[in-house]
Amino acid sequence: MRIGLCARLMLASVVAAAPWIVQAADKGKAAGPASAAQLERGRYLVDIGGCNDCHTPGYMQNAGKIPEAQWLTGDKLGWRGPWGTTYAVNLRTYMQDLTEAQWLKTAKTLQTRPPMPWFAVQKMSTADLRAIYALIRHLGPGGQAAPAYVPPDKEPPPPFVQFPAPPK
Ligand code: HEC
C-alpha cells in the first residue's frame, strides 16, 4: 500500500517536472524567457523582412534554402557604390554584444551606408524588434566577422556588386 502511493507520487512529480525541463532547455539557448511564439515570429520576420537576403551567405542564390544554423552570419560579398564598399555584418556576433534594451535603442535610430535598409528597421514595431532579437540570441554566436568597410577611393577585393552612379 505504502509503496503504491510512493510510486504514484513519484510519477506525478515526473509529469509535473516535464514542462519545466523543456523550459529550462529553451532558456539555455535564449537570452531571457523567449517564448516559442516569439521565436517563430522572429523567424518569420527575418525571413520575409529580407534580412537573410544580404546577411546570410548564399541565401538569395539558393532560393532561401540555407539551414537556420547559418542564418545571419554575415557575408563576404561587397556592395560597392559612391559610399565605398560595405559588407552585411555578422548579426549573430553583433547581437551577442547588445542587451535587448540597447538593440531597441539602436534599431529605432539606425542609420548605415547603402544598401542596408536601415529605414525599414527604424519603422519596425518594438514587438517585432524584440522578436528578431530573441531569434538571433536563440541562434547564438556563429560564423566569422564580415570584411571591414572599404572607403570609396580604395579598390575592394572581389566578389563585389558594383552599383551604378546615382541618378542626377
Ligand atoms: C540589401 C542588403 C541588406 C538587407 C536586405 C539587410 N541588410 Fe543589414 N546590412 C547590410 C549591409 C551592407 C550592412 C553594413 C552597412 C555599413 O557598413 O554601413 C548592414 C548592416 C546592418 C546592421 C549593423 C548596423 C551597425 O550598427 O553597424 C544591422 C543591425 C542590420 N544590418 C540589420 C538588418 C536587419 C534586421 C535586416 C532585415 C530587416 C537587414 N539588416 C537587411 C545589408 C543588408
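Up top is the structure these notes are about.
Figured I'd write up the structure that's included with this text. (Residues numbered from 1 in each chain as written. Predicted model: local features only at pLDDT ≥ 70, side-chain atom pairs only at ≥ 80, totals over all residues.)

Observations concerning the packing of helix α2 (residues 36–48) against helix α7 (residues 126–139)
Thought 1: Between α2 and α7, whose axes approach to 7 Å, the crossing angle comes to 100 degrees. Overall, the two elements α2 and α7 adopt an arrangement that is roughly perpendicular. For the pair α2 and α7, contact is made by Q38, L39, R41, G42, R43, L45 and V46 and by D128, A131, I132, A134, L135 and H138, respectively.
Thought 2: The residue inventory of the contact of α2 with α7, partitioned by class, reads 7 nonpolar, 3 polar and 3 charged. (Axes fitted to C-alpha atoms, helices over the stretch in contact; angles between N-to-C directions. Helix = DSSP H or I, 4+ residues; strand = E, 2+ residues; numbered from the N terminus. Parallel < 35°, antiparallel > 145°, perpendicular 65-115°, else oblique. Contact = placed C-beta atoms within 7 Å. Nonpolar A, V, L, I, M, F, W, Y, C, P; charged D, E, K, R; others polar.)

Some remarks on the environment of A145
Thought 1: Mapped onto the fold, A145 is located in the loop between α7 and β3 (160–162).
Thought 2: Residue A145 is classed as exposed on the basis of its 12 C-beta neighbours within 10 Å.
Thought 3: C-alpha of A145 to C-alpha of K76: the two residues are 69 residues apart in sequence and 9.0 Å apart in space.
Thought 4: In this structure, A145 is in contact with G74, N90 and T93, ignoring residues within four places of it in sequence. (Buried ≥ 20, exposed ≤ 12 C-beta atoms within 10 Å, placed from the backbone.)

Things to note about the site of the ligand
Thought 1: The full set close to the ligand counts 21 residues, and C51, C54, T112, R113 and M116 are the nearest of them.
Thought 2: Of all the elements in the fold, those that place two or more residues in the shell around the ligand are α3 (51–55), β2 (84–87) and α6 (118–123).
Thought 3: For the shell around the ligand, the element with the most residues is α3, which contributes 4 residues.
Thought 4: Classifying every residue of the shell around the ligand by side-chain character gives 14 nonpolar, 5 polar and 2 charged. (Near = placed C-beta within 6 Å.)

Comments concerning α2
Thought 1: With 13 residues, α2 extends 18 Å from end C-alpha to end C-alpha; this agrees with the ideal 18 Å at 1.5 Å per step.
Thought 2: Taken together, the buried positions of α2 are Q38, G42 and V46. The buried residues of α2 all sit within an arc of 70 degrees when viewed along its axis, so they share a single face. In α2, the exposed positions that point more than 90 degrees away from the buried face belong to A36, A37 and I48.
Thought 3: At the exit of α2 stands G50, carrying a positive phi of roughly 85 degrees. (Expected span 1.5 Å × (residues − 1). Arc of directions from axis to C-beta.)

Keep in mind that these numbers describe shape and distance, not what the molecule does.
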